[in-house]
Amino acid sequence: MVQQVTRQDFNELMVPIYAPADFVLVRGEGSRIWDQDDKEYVDFAGGIAVNGLGHAHPVALNALTEQAQKLWHLGNGYTNEPVLRLAKQLVAHTFADKVFFCNSGAEANEAALKLARKVGLSSGKGHKSKIIAFKNAFHGRTLFTVTAGGQPKYSQDFAPLPQGIEHLAFNDVEAARAAIDDETCAVIVEPIQGEGGVISATPEFLQALRERCDETGAVLIFDEVQTGIGRTGALYAYMNTGVTPDILTTAKALGAGFPIGAMLTTNKFAQHFTVGDHGTTYGGNPLATAVAGAVFEFINREEIFAGVKERHQAFVDGLNQLNAEYHLFEEIRGEGLLLGIVLKPEYAGKAKDIVQFASEEGLLALVAGPDVVRFTPSLIIPQQDISEGLTRFGRALARFSPK
Ligand SMILES: *Cc1c(COP(=O)(O)O)cnc(C)c1O
């Protein structure tokens, strides 16, 4: 017999690092999802920019069930077909020549930072180990990546922290030009800061990072864990910036809900890693890479990217209409289907309250910091679900701010 479980069990059983909503979701289809009481929600959260094809999409489902009948896992003493196919796809459609597979965004960034340190060491210049990162950035929760992240509240309790990481103001061109020097081995940056509030890097800023990295021999790392796999209306966000990184990290939507991450780089940098330098048991697992391969093929099409841009416009138009009624938003920002709804200063700190009202009204949404409501829905969310979700969002706003 299947055991009955409830939301209350969470508090008794789980290490208290999350504060999940007070309902338990049990099944999903496309951009609709249902809880234990069969209440239905429209999903604008998309598993935090993971479920690029919504829930239970046949492309992902078929890839998973077909592979599940052949081969689940081998370990890195043997390679496999799905991992090689996925590597071919990623190399064919990006700047990269080489790929390292892992299971999450943090692990992809961990690999990137370790590779950069190795590149710095092999340069023969002493002390080429400094890492430049940015305030408010998010790169994951391992000790190295959380220290690279720009929110000290996430790292300070775990000191002593990895050394040699310096944080600069995001989008400050002059500060970056001054700080990136011969001792710098890496610069790590999100093309759009996701967790930090949906803030785009300016083209001049990314250009300046590229120039200084070229001048000093530092490795430019783009953390595209949130912005990758079509999220911004391009396969990767760097493709819209005119700046190409040396290392790109990708995870979240790569497996559309099946855990997988990857670090992409060029031959020039990849050759600094040799056998035994790095690894992970599940990296390149056939199940994960079979799903990611099928998802990649489906998403990497002009039709999908055009659809993301259309949906972006539908969201912006709908949100502007709501704002004409409720006057709560300062700005709607972000690209494609990574949308940040910035609250006016008088509602600072209230993004969570709005998300709570939204879930009561049958809409799943996210925050990005205390003042920004974030939507990261499926890249193929039907127009009808966008309209219905925005209607429910309107009801949440009405409750938040009764006229
Ligand atoms: C989510 C996220 C990560 C961390 O990914 P995990 O899979 O949670 O380890 C890293 N960088 C960015 C930009 C992210 O949005």
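Model, not experiment: these values are computed from the prediction.

Asks: Honestly, the pairing of strand β12 (residues 261–265) in this entry has me stumped. Any pointers?
Replies: Regular strands place their side chains on alternate faces of the sheet. Burial analysis of β12 places 5 of its 5 residues in the buried class, the great majority of the element. Residue alternation in β12 divides its side chains into two sets, Gly261, Met263 and Thr265 and Ala262 and Leu264, and both sets are buried. Direction of pairing for strand β4 (residues 98–102) relative to β12: antiparallel, over a ladder of 5 bridges. Each residue of the ladder has a partner; that of valine 99, found in β12, is leucine 264. For strand β11 (residues 247–250) and β12, the ladder comprises 4 bridges, and the chain directions are antiparallel. Each residue of the ladder has a partner; that of threonine 249, found in β12, is methionine 263.

Asks: Where do I start with the site of the ligand in this structure?
Replies: Neighbouring the ligand are the residues Ser104, Gly105, Ala106, Asn109, Phe138, His139, Gly140, Glu190, Asp223, Val225, Gln226 and Lys252. Here an oxygen atom of the ligand sits 2.8 Å away from a polar atom, N or O, in the main chain of glycine 105. In the environment of the ligand, a nitrogen atom lies 2.7 Å from a nitrogen or oxygen atom belonging to the side chain of aspartate 223. Computed on the free molecule, the ligand has an accessible area of 380 Å², of which 82% lies beneath the protein chains in the complex. The element that contributes the greatest number of residues to the shell around the ligand is helix α5 (residues 105–122), accounting for 3 residues. For the shell around the ligand, a count of residues per class yields 3 nonpolar, 6 polar and 3 charged.

Asks: Explain the UniProt feature "binding site: pyridoxal 5'-phosphate" (unreviewed entry) in the protein chain to me, please; I cannot follow it from the model alone.
Replies: Here, UniProt's "binding site: pyridoxal 5'-phosphate" (unreviewed entry) annotation points to Gly105, Ala106, Phe138, Asp223, Glu224, Val225, Gln226 and Thr281. These annotated residues cover 177 residues of sequence, and their C-alpha atoms sit far apart, with the largest distance between any two at 24.8 Å. Note on placement: glycine 105 falls in helix α5. Inspection of the secondary structure assignment puts aspartate 223 in strand β10 (residues 219–223). Of the residues examined, aspartate 223 reaches a relative accessible area of 5% and is grouped as buried. Within polar-contact distance, the side chain of aspartate 223 engages the side chain of asparagine 109 at 2.9 Å.

The rules behind these values
Residues numbered from 1 in each chain as written. Predicted model: local features only at pLDDT ≥ 70, side-chain atom pairs only at ≥ 80, totals over all residues. Heavy atoms only, no water. Buried < 20%, exposed > 50% of the residue type's maximum accessible area, 1.4 Å probe, protein only. Helix = DSSP H or I, 4+ residues; strand = E, 2+ residues; numbered from the N terminus. Pairing = 2+ DSSP bridges. Near = heavy atom within 4 Å. Polar contact = N/O pair within 3.5 Å; in protein donor to acceptor, adjacent residues only side chain to side chain. Areas by Shrake-Rupley, 256 points an atom, 1.4 Å probe, with all protein chains shown as cover. Nonpolar A, V, L, I, M, F, W, Y, C, P; charged D, E, K, R; others polar. UniProt positions renumbered as here; feature names shortened; annotations may be inferred.

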